[in-house]
Amino acid sequence: MATTETPGFEVDPSLYRNLENAQVNVELDNGDMILNLGPQHPATHGTLRLVVRLDGERVVAADPVIGYMHRGYEKLTEFRTYPQITTLVNRIDWLSSFANEVPFVHGAEQLMGITAPPRAEWIRTILTELSRIATIYLFLGEMGLQVGALTPAFWGFRDREHVLNLIESATGGRFHPNFNRIGGLKEDLPWGWIAECRATMDKILRGCDDFEDVLVGNEIFEARTRGIGIIPGELGTAYGVSGANLRASGVDWDLRRDGKPYLAYPEVDFKVWTHPDGDSFARYWVRLQETREAVRIVLQLLDSLPAGPIMAKVPRIIKVPEGEVWTEVENPLGQMGYYIISKGATGPFRVKIRSASFSNVSILPWLLRGVYVPDVITIMGSLYFILGDIDR
Amino acid sequence: MADETPEASSPDAPAPDAPPASEPATEVEASAAAEPAVAAQAPEETVDLDPEIEALFARFEAALGEGVVDHAGSYGTLVVRVRPDAWRRAAEVARADLDCDYLSFVSGIDWMPAPKAPGDEGGDTSAPVQPDTMTFGVTGSDGRFQVFGHVQSTTKHWGITLKTDVSEQEPRVDSWVGVYPGADWHERECWEMYGVDFTGHPKIRHLYLPAEFEGHPLRKDFALVAREVKPWPGLVDVEPMPGDDTPDETAEGGT
């Protein structure tokens with residue numbers, strides 16, 4: 001250790017040690033910087049934390065940290081009866097709660113060998129599509145917000161309210177309807193609902209036109225989304241990316257059309273939109289078309305709504321026979337599935353919940369490599385995930 | 001919904017009748033026999049195997065060969081149980097020969113019945129009463145743990161559920177990450193929830209739970225503590241329905 005003679009002044013030797021260390025500190029690793037995005041960031045729709053390693057403005061590696069909202073639904077389902085579980089699955093993707101209930105009750109119905117009456121299936125389909133509109137509409141607005149356009153976000157929230165009002169007047173719940181019963185629905189549609197639904201669909205179509213006018217073709221929006229965050233189709237499937245995210249990569253796959261027939265979808269005529277580019281813009285464009293297609297589906301179903309009961313004959317105590325069933329549906333965010341294993345009791349033995357956002361987000365480490373920091377936000381926004389759907 | 005709860009939650013509700021025992025599955029060997037109260041049985045097919053599923057299975061079996069242990073059709077989905085050493089090969093075959101380009105999920109199953117029967121002293125009084133014998137689903141199992149996954153084809157629109165047995169002493173199976181990169185997170189989840197290790201996974205670590213978490217929550221012997229210390233709060237709301245034959249005893253303290 002270097003010592004300096006200072007008459008009359010005793011220097012604490014530790015100061016010298018610090019001085020030596022200071023030499024080391026100057027030569028710190030100046031290559032990469034770690035940046036923590038989240039857990040609370042407006043673009044994440046919940047609490048997703050993203051640890052990114054930066055080289056200048058460029059992302060070297062990104063690691064999503066999830067689990068802040070993990071509620072253990074797969075464990076909880078083993079402690080509930082079948083009718084109680086619909087309240088749980090409501091809260092997986094909380095923006096399209098109704099759509100989460102449908103595959104679960106379908107699985108239980110298949111195991112019990114009962115089918116819901118046609119009117120119930122029709123109303124389920126209508127409400128599923130309304131959930132789709134409500135969910136995607138928020139995205140159409142918020143995607144503008146990610147690139148700095150404030151107005152579309154207000155439009156998104158404003159018009160989504162019309163749809164939520166419809167869902168509320170039919171089911172009693174704005175976000176968590178819990179309207180499905182094993183064997184049918186809780187109640188029939190209220191008086192005047194159909195006319196109101198038609199009027200709302202008009203508003204939605206006009207809103208879609210507004211979004212198209214303001215964002216699609218907008219120079220800033222295109223510059224921020226075109227060619228950004230490209231997912232190749234074959235990589236998307238291998239990661240389990242589904243829904244509009246996959247169709248925007250040119251994979252023509254929609255479980256409403258291609259899966260096992262469910263609900264009233266075989267009866268309606270609709271187009272599955274795809275886009276070859278696979279970038280953030282394509283994901284926005286596909287979702288915009290899907291909203292219009294959902295309106296078309298709802299209008300067709302309102303025209304062909306059959307009369308009849310809304311509840312099949314089911315035993316008062318629901319006991320589901322032994323068996324295993326895999327049910328999958330096309331949810332607003334992608335493929336939603338339940339693998340239900342029953343042992344003949346009033347509750348399931350094991351339920352594997354396959355939620356769309358979980359797989360959609362698992363591609364982030366690959367997707368964010370090499371992009372610039374501002375694009376991280378638009379890419380995450382364009383993937384459109386709900387944290388409850390990741391964390392379950 | 002309240003009308004379902006009284007009998008479902010009643011502590012003295014009779015356990016459901018044991019499923020009719022059919023002939024023992026040949027796969028169940030000595031290791032399974034060591035388990036307490038193993039009902040070795042092969043459940044009959046839930047639906048007739050339709051020709052499409054049989055044709056799909058024939059293609060799969062032709063490509064995988066020896067690795068196939070058992071198969072079944074369950075409500076329109078082909079379920080194939082493969083040998084543990086063929087687990088990764090099964091994914092490769094599904095991807096290459098069956099065009100299953102899409103990974104849906106990978107997860108685990110713990111076939112052990114929950115150790116504490118509902119209604120026991122201090123036990124969970126709200127959980128549905130499950131049978132206390134070990135049964136193994138549509139394609140059987142060798143023991144307590146299984147890993148299963150579902151892959152699909154986005155072009156041919158079919159899907160296949162693959163299952164494999166995992167040893168209870170050393171739960172370990174090959175990773176699918178090399179075949180389907182999306183298996184990464186699914187296997188991390190399975191590892192922390194069931195304690196199954198995946199050979200060849202690039203970096204297995206906690207996904208949902210904090211790094212210092214101990215135990216494997218989705219194993220059946222991992223107690224749901226909230227229900228151990230306090231019964232399901234909804235129980236106090238349960239009132240006997242008019243016309244109920246048996247008075248409900250769990251409604252004590254109800255208002």
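In this text, all values refer to a predicted model and were calculated from it rather than measured experimentally. (Residues numbered from 1 in each chain as written. Chains lettered and ligands numbered in written order. Predicted model: local features only at pLDDT ≥ 70, side-chain atom pairs only at ≥ 80, totals over all residues. Heavy atoms only, no water.)

Trainee: Would you mind going over the side chain of H186(B) with me for this structure?
Mentor: Tracing the sequence through the fold places H186(B) in helix 5 (residues 183–194). Residue H186(B) is classed as buried on the basis of its relative accessible area of 3%. (Helix = DSSP H or I, 4+ residues; strand = E, 2+ residues; numbered from the N terminus. Buried < 20%, exposed > 50% of the residue type's maximum accessible area, 1.4 Å probe, protein only.)

Trainee: Even after reading the chapter, I still don't get the environment of K186(A), so can you show me in this structure?
Mentor: All names here are of chain A. Note on placement: K186 falls in the loop between strand 5 (184–185) and helix 7 (193–214). Spatially, the C-alpha atoms of K186 and M69 are 30 Å apart, while their sequence positions differ by 117 residues. In this structure, K186 is in contact with F179, R181 and I310, ignoring residues within four places of it in sequence. (Contact = heavy atoms within 4.5 Å.)

Trainee: How should I be thinking about the interface of chain B and chain A in this particular structure?
Mentor: A common way to report how large an interface is uses the accessible area buried once the components associate. Each partner contributes residues to the interface: chain B has 70 residues there, and chain A has 60 residues. Taken together, the two surfaces of chain B and chain A that pack against each other cover about 5,400 Å², and 56% of this comes from carbon and sulfur. Between R205(B) and D63(A) there is a salt bridge whose closest N-O contact spans 3.2 Å. There are 30 residue pairs in polar contact (both at pLDDT 80 or more) connecting chain B and chain A. (Buried area = accessible area lost by both parts, 1.4 Å probe. Salt bridge = Lys/Arg side-chain N within 4 Å of Asp/Glu carboxyl O. Polar contact = N/O pair within 3.5 Å; in protein donor to acceptor, adjacent residues only side chain to side chain.)

Trainee: Quick question: what am I supposed to make of the pattern of salt bridges here?
Mentor: Residue and element names in this part refer to chain A. Scanning the entire structure with this criterion turns up 40 salt bridges over all chains. A salt bridge links E129 to R132, with the shortest nitrogen-to-oxygen separation between them at 3.1 Å. Of this pair, E129 and R132 both sit in helix 5 (residues 118–146), 3 residues apart, roughly one helical turn. In this structure E129 comes out as buried when scored by relative accessible area, which is 0%. R296 is the partner of D269 in a salt bridge, and the nearest nitrogen-oxygen pair spans 3.0 Å. Of this pair, D269 sits in the loop between helix 11 (255–258) and helix 12 (280–303) while R296 sits in helix 12, and the two are 27 residues apart along the sequence. For D269, a relative accessible area of 48% gives the class partly exposed. For R296, a relative accessible area of 36% translates into the label partly exposed. Each of E129, R132, R247, D254, R256, E290 and E330 takes part in salt bridges that share partners, so that together they form one network.

Trainee: Looking at this structure, I do not really get the packing of aromatic side chains. What am I missing?
Mentor: Note on aromatic pairs: each is described by the distance of the centres and the angle between the planes. All names here are of chain A. Within this structure, the stated rule accounts for 24 aromatic pairs over all chains. One Lys or Arg, R226, reaches over the ring of F281 and ends 3.8 Å from the middle of that ring. Lying across the ring of F139, R287 places its NZ or CZ 4.5 Å from the centre. (Phe/Tyr/Trp six-rings, centres within 6.5 Å; stacked < 30°, edge-to-face > 60°. Lys NZ or Arg CZ within 6 Å of the ring centre and 35° of its normal.)

Trainee: What am I meant to see in helix 6 (residues 151–171) of chain A here?
Mentor: In an α-helix, one full turn covers 3.6 residues, which means residues spaced three or four apart are oriented alike. Residues and elements named next belong to chain A. Taking 1.5 Å as the rise per residue, helix 6 with 21 residues should run 30 Å; its terminal C-alpha atoms sit 30 Å apart, in good agreement. Considered for burial, the residues of helix 6 that qualify are P152, A153, G156, D159, R160, V163, L164, L166, I167, A170 and T171. Just past helix 6, the residue G172 takes up positive phi, approximately 95 degrees. (Expected span 1.5 Å × (residues − 1).)

Trainee: So what exactly am I meant to see when it comes to the packing of helix 7 of chain A against helix 12 of chain A here?
Mentor: Each pair of packed helices can be described by the angle between their axes along with the distance between the axes. Residues and elements named next belong to chain A. Between helix 7 and helix 12, whose axes approach to 10 Å, the crossing angle comes to 160 degrees. Between helix 7 and helix 12, the interaxial angle falls into the category roughly antiparallel. In this structure, helix 7 meets helix 12 at a crossing whose hand is left-handed. Facing helix 7, whose interface residues are W193, I194, C197, R198, M201, I204, L205, C208, D209, F211 and E212, helix 12 presents Y284, L288, Q289, T291, R292, V295, V298, L299, L302 and D303. Its residues placed into classes, the contact of helix 7 with helix 12 shows 14 nonpolar, 2 polar and 5 charged. (Axes fitted to C-alpha atoms, helices over the stretch in contact; angles between N-to-C directions. Parallel < 35°, antiparallel > 145°, perpendicular 65-115°, else oblique. Left-handed = near helix turned anticlockwise from the far one by under 90°. Nonpolar A, V, L, I, M, F, W, Y, C, P; charged D, E, K, R; others polar.)

Trainee: Where do I start with the nonpolar core in this structure?
Mentor: One recurring pattern in soluble globular proteins: nonpolar side chains tend to sit buried together. Membership of the largest hydrophobic core comes to 89 residues, with the highest contact counts inside it found for L127(A), L130(A), I133(A), W193(A), M201(A), Y284(A) and Y338(A). Among all residues touching W193(A), those that are not within four sequence positions of it are I126(A), L127(A), L130(A), L166(A), S169(A), A170(A) and L302(A). (Core = buried A, V, L, I, M, F, W, Y, C linked by side-chain atoms within 4.5 Å.)

Trainee: Where do I start with the sheet that holds strand 3 (residues 58–65) of chain A in this structure?
Mentor: The strands making up a sheet are joined through hydrogen bonds of the backbone, oriented either antiparallel or parallel. All names here are of chain A. Here 3 strands make up an open sheet; going across it, the order is 1-2-3 and the pairing antiparallel. Two strands in the sheet have a free side with no partner beyond their single neighbour: strand 1 (33–37) and strand 3. Geometrically, the sheet is characterised by an average inter-axis angle of 20 degrees between neighbouring strands, direction not taken into account. When strand 2 (residues 49–55) meets strand 3, the two strands line up antiparallel, connected through 7 bridges. The partner of L50 across the bridge, within strand 3, is P64. (Pairing = 2+ DSSP bridges.)

Trainee: Any chance you could explain the environment of G67(B) here in plain terms?
Mentor: Residues and elements named next belong to chain B. Within the secondary structure, G67 sits in the loop between helix 3 (51–64) and strand 1 (68–74). Look at G67 and you get buried, because its relative accessible area is 6%. Taking the C-alpha atoms as reference points, G67 and R89, 22 residues apart in sequence, are found 8.5 Å from one another. Apart from the residues within four sequence positions on either side, G67 is in contact with R81, V82, R83 and A86.

These values are about where atoms sit, not about what they do.
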